[in-house]
Amino acid sequence: MKTLKLTLSGVLLATSALIAPSLAFAQDAVPAPAQDPVEQTPAEQANEETTVDEIVVLGRYIPEPNRESSEVAAFLTSEDLERTGDASAAAALTRVTGLSIVEGRFIYVRGLGERYSSAMLNGSPLPSPEPLQRVVPLDLFPSNILESVTVQKTYSANFPGEFGGGVIDLRTIDAPNEPFFSMEASAGGNTETTGREGLIYFGSRTDFTSFDDGTRDVPFALRGAFARGRQITSANFDAEELQDIGQGLINAPLRLLQLEDNPVNFGLGVSAGGSTEIGLGTLGVFASGGYDNSWQIREGKQQAAQFSGSVLVPVNDFDVVSNQNDVQLNLLAGASLTGDMHTIKWTNFFVRNSTKEARTRTGPAFDAGGNVLRTDYTEWFVRQLFSTQLAGEHDFMDGALSVDWRAAYAVTSRDAPYETRFGYSVDATGTFLHSGSGNQISFSELDDDIVSGGVDVSYEMSLSDYRTAVFSFGVDGFDNNRDSERRDLRFEAVNGLTPDQQRSRVDYLYSDFNINRSTLQIQEVTGSNGAAAYDGQLQVKAAYAMVDAEIIPLVRTTLGVRFEDGEQSVTPRDLFGGASPFAATKIEEQYFLPSFTATWNFAEDMQLRLGASQTIGRPQFRELAPQSYTDPESDRTFIGNPFLVDTEILNLDARYEWYFARQQYVTAGVFYKNLDKPVEAIIVDVGNQRQQSFLNAPQAVIMGAEFEAKKYFEFPDNGSTFIANKRWLVQANYTYSNSEVQVDSGDKVRDLGGGGVSSPAAFFIQDGSRLQGQSEHVANLQLGWEDDTARSQATIIVNYVSERITARGAGVSSSREPDYIQEPGVFLDLVYRKDFTMGTREMGFSVELRNLLGTDFDEYQELGNKILINNYDLGSSVSFSLSSRF
């Protein structure tokens, strides 16, 4: 068992210094003890009322969520989501101070990777359909199904102990008081994609629905061969069986690349809800569904480098062209029963996202001695999430005692059938020739489920007429299970290919005519690079106790401790009946995790918050699993490290807040984090191939500052109705973070290549380098107006994220290459919305212009030369939407 010690003496001393002046203030502000009634003059009565009001109005402009929470937190309301017009929770959260987005899906809080942040839906944890992450990607959650989003940056004991950057709690819409029905349609395009000729492959006739029509099902003969538990080779199957298996694979619809003009992006949405009074209370129901279909062309560079003397030179230099079609279906439905003292809610969420991609890359390759190679890919990935939650809120003793409970089940899956790859070389005439073994067809599945539940009990005790203390305790836990399996096949040219076969079209070469014992024969290469399958499990049982009290007037403190018992395992499996060559990983740890916050309301609408806590970060399943996986976003192969351990984190925060008017404020804060054994990504050379793996760095620290301001301006009528009729908005936030990985001469790490044997940490990580994924600068700016008369709203949105390390460079010690760097850059967006009435219907129209500066995606290495690891144009986009509410 580990009791993580947190030295709070400095924090408590600072709190004492803050409390002292508040005592004097409180003596003036708090009324004297009650005495016998005495007749008062009107002036005396007014004076007494003024004295009482001094207490009441100290926070009159402080928003209710900020008043109720003693934590450093940010809150996105439905109004905020509507203003920015972001399509998903991931995009909307980039507007929050200190948050940035990676791959359009994963949120980094204060520069810490997604592994250090947790996402919950209505307070319940969610599984992830992503092979590389245990954290659910937030692009799966359309913003129109969200009522609010809370980002808590200081830890409190009622949340899971896996906390580094923050916890993100997505709250879905609830049953309305009045019945409604609304519809929305949208259309849009992108300068790099829409109307342009892009690569496609046919697939199946129903791909536009995100459901395959059965074309990509595992063929009967192949399914039977998998079930026999033997590797598909000529040693285990006869020639006739191999011919049947090879001929059973779908050919032209899933292999032949073609060119076709890309259509516009479009989407449809519908929502409805209502409520009615029944004997037990108010029964409400609601539902929301949506469909989105979008396309994206990427044209760019992918290079790899090696040292030439003291500088880097490219040894692989590929031109990459891809075309990706994303289709998303989502459905949210629920019911609630609300009485005077009790509420029960049932919420169900389903989302399915299919990605259909065709791509090709061409250029000189190190493996081919500098000769030109071409590789064509066709892929189909389906991510699916279903979550159901039943929750209750119950008040007793006139609301002094409350009991909240929740139980949830969520399951996700990722299905990737028929990932195909076909390789070509080039002859002296520039003609591309099929290679005999440069092909691969893969089938992979990932299933991840989580059962969770918890009970929270709180009792509110009055300390005076104006101060209370809330005592809370609770238990919660979850059981997260993952199963991942991958099968890799390829055709071998038994006697080589003839010149005509080398030059033939791909579907002609792999036709049934050529699949036989003497030309092309199917072979299985599963497990040739890492484990073919693994099972992952994470069980966490937890209990906490917490007190939230205003013991001293105007100073609110929250003190809590959480006990967490976690057991995590990753077990590689051999699919052919033998023992896996990779050892299982098991991490069993118990932690006591303390948390402390203090909020001092020292002046009118001003607060000072202090926070200190100890938390942890656990390795993700994929980071522990020694199974290779190629990420289609980067074309990079990943393989886990079974020797990773937990990260332990010390968090310190301080923030000043001034709410000088309604919905207007200035905040400034500082933070410090010390991470013991943070997980870092490294690049390793495996033969002539580069892979990305992981290891625990010895130590890292992050310190930084945050600033945020929001101000509305209203101007008198000076003859210009355009200016005078509007409420003008200026909102900005900025986060500065400075991180440093600390490597001493005696520090050791355990990497996958070393087989568990410790190696000097300095071989892989440079002392003083920045923490992976951490950006030094993150800034957001919003300029806009609201016109109640014209019922219009416009916002200019600017987002800037400075460069960050995506992976440590390959090599060891003095021969280690520079780190991989991504430079997100500046994004400029414009959103305009207008509501109007058509007959008896309320209508809405919006225009969204995204990436007006044309910022591209840029990941690189640099030493003498700039090596473009992954670079492509994102283009600028526009979308129009029309909505109607009944």
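Cut-offs applied
- Each residue is numbered by its place in its chain's sequence as written, counting from 1.
- With the structure being a predicted model, the display of local features is reserved for residues of pLDDT at least 70 and the display and counting of side-chain atom pairs for 80 or more, all residues being used for whole-chain, interface and lining totals.
- Side-chain calculation: all heavy atoms of the structure are included, whereas hydrogens and water are not.
- The way it works is that DSSP assigns letters per residue, a run of H or I at least four long becomes a helix, a run of E at least two long becomes a strand, and they are numbered from the N terminus.
- Here's how the labels work: a residue is buried when its accessible area is under 20% of the maximum for its type, exposed when over 50%, partly exposed in between, all with a 1.4 Å probe on protein chains only.
- Any two residues having at least one pair of non-hydrogen atoms within 4.5 Å are treated as being in contact.
- Throughout, the Shrake-Rupley method with a 1.4 Å probe supplies accessible areas, and for residues the shown protein chains are the sole cover considered.
- Only buried residues count toward a nonpolar core, which is a set of Ala, Val, Leu, Ile, Met, Phe, Trp, Tyr and Cys residues joined through side-chain atoms within 4.5 Å.
- Only when DSSP finds a minimum of two bridges between them are two strands counted as paired.
- Exposure above 30% relative accessible area and the absence of a salt bridge qualify a residue for a patch, where like charges join within 9 Å and nonpolar side chains (Val, Leu, Ile, Met, Phe, Trp, Tyr) within 5 Å.
- Counted as salt bridges are all cases of a side-chain nitrogen of Lys or Arg within 4 Å of a carboxyl oxygen of Asp or Glu.
- Directions from the helix axis toward the C-beta atoms define the arc.
- Definition of a polar contact: a pair of N or O atoms within 3.5 Å, with one able to donate and the other able to accept a hydrogen when the atoms are protein atoms, and with sequence-neighbouring residues admitted only if both atoms are side-chain atoms.
- What counts as a ring pair is set by centres within 6.5 Å for rings of Phe, Tyr and Trp (its six-membered ring), and what kind of pair is set by the plane angle: stacked under 30 degrees, edge-to-face over 60, tilted for all other angles.
- Here Asp and Glu are counted as negative and Lys and Arg as positive; His is not counted, and neither are the chain ends.
- All charge positions are set by atom: Lys at NZ, Arg at CZ, Asp at CG, Glu at CD.

Participant: If you had to explain the overall build of the protein chain to someone new, which residues and values would you point to?
Facilitator: The number of helices and strands found in the protein chain is 12 helices and 43 strands. Going through the 886 residues of the protein chain one by one, you find that 53% of them count as buried. Of all intrachain contacts in the protein chain linking residues separated by at least 6 positions in sequence, the fraction that spans at least 24 positions is 73%. Total accessible area computed for the protein chain in this model is approximately 37,100 Å², and 55% of it derives from carbon and sulfur atoms.

Participant: Which residues make up the nonpolar core, and what values go with them?
Facilitator: In a soluble, globular protein the nonpolar side chains are often hidden away together inside. Counting residues in each nonpolar core, the largest one holds 53 residues, and the members touching the most others are Leu93, Leu138, Phe141, Ile168, Leu170 and Phe349. Here the element with the most residues in this core is helix H5 (residues 89-93); it accounts for 4 residues. Within the second largest apolar cluster, 30 residues are counted, among which are Leu249, Tyr418, Phe491 and Ile515.

Participant: Summarise the sheet that holds strand E6 (residues 124-125); cite the residues concerned and give the values.
Facilitator: If you walk across this open sheet you meet the 5 strands as E2-E7-E8-E5-E6, and the pairing is mixed. With partners counted over all chains shown, the strands left at the sheet margins are strand E2 (73-77) and E6, one partner each. Pairing of E2 with strand E7 (residues 146-152), which is carried by 5 bridges, proceeds in the antiparallel orientation. By the bridge assignment, Ala74 is partnered in E7 with Val151.

Participant: Can you explain a nonpolar patch on the surface? Please cite residues and give values.
Facilitator: A grouping of Phe713, Phe715, Phe722, Ile723, Val730, Leu781, Leu783 and Ile796 is seen on the molecular surface, where their side chains present a nonpolar patch of about 620 Å² in accessible area. Every element with two or more residues in the nonpolar patch is listed here: helix H12 (721-724) and strand E35 (777-787). Mapped onto the elements of the fold, Phe715 is located in the loop between strand E31 (699-714) and H12.

Participant: Report on the pairing of strand E42 (residues 865-872), specifying residues and quantitative values.
Facilitator: Relative to E42, strand E13 (residues 281-308) runs antiparallel, the two being bridged by 2 bridges. Note that in E42 the partner of Gly300 across the bridge is Tyr872. With 7 bridges connecting them, strand E41 (residues 857-863) and E42 associate as antiparallel partners. Directly across from Glu859, in E42, lies its bridge partner Asn870. Counting the residues between successive antiparallel strands, the hairpin from E41 to E42 contains 1 residue, one of them, Gly864, with a positive phi of roughly 80 degrees.

Participant: Please provide a residue-by-residue account of helix H6 (residues 220-227), values included.
Facilitator: Listed as buried for H6 are Leu222, Ala225 and Phe226. Buried positions in H6, seen along its axis, are confined to an arc of 100 degrees and lie on one side of it. Exposed and facing more than 90 degrees away from the buried side of H6 are Phe220 and Ala227. Packed against the buried residues of H6 are helix H7 (239-248), strand E18 (432-462), strand E19 (468-493) and strand E20 (520-524). Downstream of H6 by a residue or two, Gly229 has a phi angle that is positive, lying close to 75 degrees.

Participant: Any details on unusual backbone geometry? Residues and values, ideally.
Facilitator: Phi angles above zero are rare outside glycine, and Ser210 is one such case at about 80 degrees. Among the structural elements, Ser210 can be located in the loop between strand E10 (197-200) and H6. Despite not being glycine, Gln663 has its phi angle at roughly 60 degrees, a positive value. Within the secondary structure, Gln663 is located in the loop between strand E27 (647-661) and strand E28 (664-676).

Participant: Describe the pattern of salt bridges, naming the residues involved and giving the relevant values.
Facilitator: Scanning the entire structure with this criterion turns up 44 salt bridges. In this structure, Asp376 and Arg374 form a salt bridge, with 2.7 Å as the shortest nitrogen-oxygen distance. Arg573 is paired through a salt bridge with Glu485; the nearest N and O atoms lie 3.9 Å apart. Linking Arg573 in strand E22 (residues 555-573) with Glu485 in strand E19, this pair joins segments that are 88 residues apart in sequence. Residue class for Arg573 comes out partly exposed when judged on its relative accessible area of 25%. Salt bridges here are not isolated pairs; linked through shared partners, they connect Asp483, Glu485, Arg487, Glu524, Asp535 and Arg573.

Participant: Could you give an account of the pairing of strand E40 (residues 841-850), naming the residues involved and the relevant values?
Facilitator: The pairing of strand E39 (residues 825-838) with E40 spans 9 bridges and is classified as antiparallel. From the neighbouring strand, Arg833 faces E40, where its bridge partner is Ser846. Joining the antiparallel neighbours E39 and E40 is a turn of 2 residues, in which Gly839 adopts a positive phi near 70 degrees.

Participant: Account for H7, naming residues and giving values.
Facilitator: It helps to recall that an α-helix has 3.6 residues per turn; residues three or four apart then point in one direction. Taken as a whole, H7 has its buried residues at Leu242, Ile245 and Gly246. Angularly, the buried residues of H7 cover 95 degrees about the axis, an arc narrow enough to put them on a single face. In this structure, the buried residues of H7 make contact with H6, E19 and E20. Where H7 begins, the capping side chain belongs to Asp238, and its oxygen is found 3.2 Å from the backbone nitrogen of Glu240.

Participant: Report on the packing of aromatic side chains, specifying residues and quantitative values.
Facilitator: One pass over the full model with this rule turns up 13 aromatic pairs. For the pair Phe181 and Phe886, a centre-to-centre distance of 5.7 Å together with 45 degrees between the ring planes defines the contact as tilted. One end of the pair, Phe181, is in strand E9 (residues 180-190); the other, Phe886, is in the segment after strand E43 (877-885), with 705 residues separating them in the sequence. A relative accessible area of 43% places Phe886 in the partly exposed class. Ring geometry for Phe491 and Tyr510: centres 5.4 Å apart, planes at 45 degrees, overall tilted.

Participant: Before we move on, can you summarise a negative patch on the surface with the specific residues and values?
Facilitator: On the surface, a cluster of negative charge is contributed by Asp213, Asp217, Asp415, Glu445 and Asp447. If you trace the backbone, Glu445 turns up in strand E18. Classification of Glu445 by relative accessible area gives partly exposed; the value is 46%.

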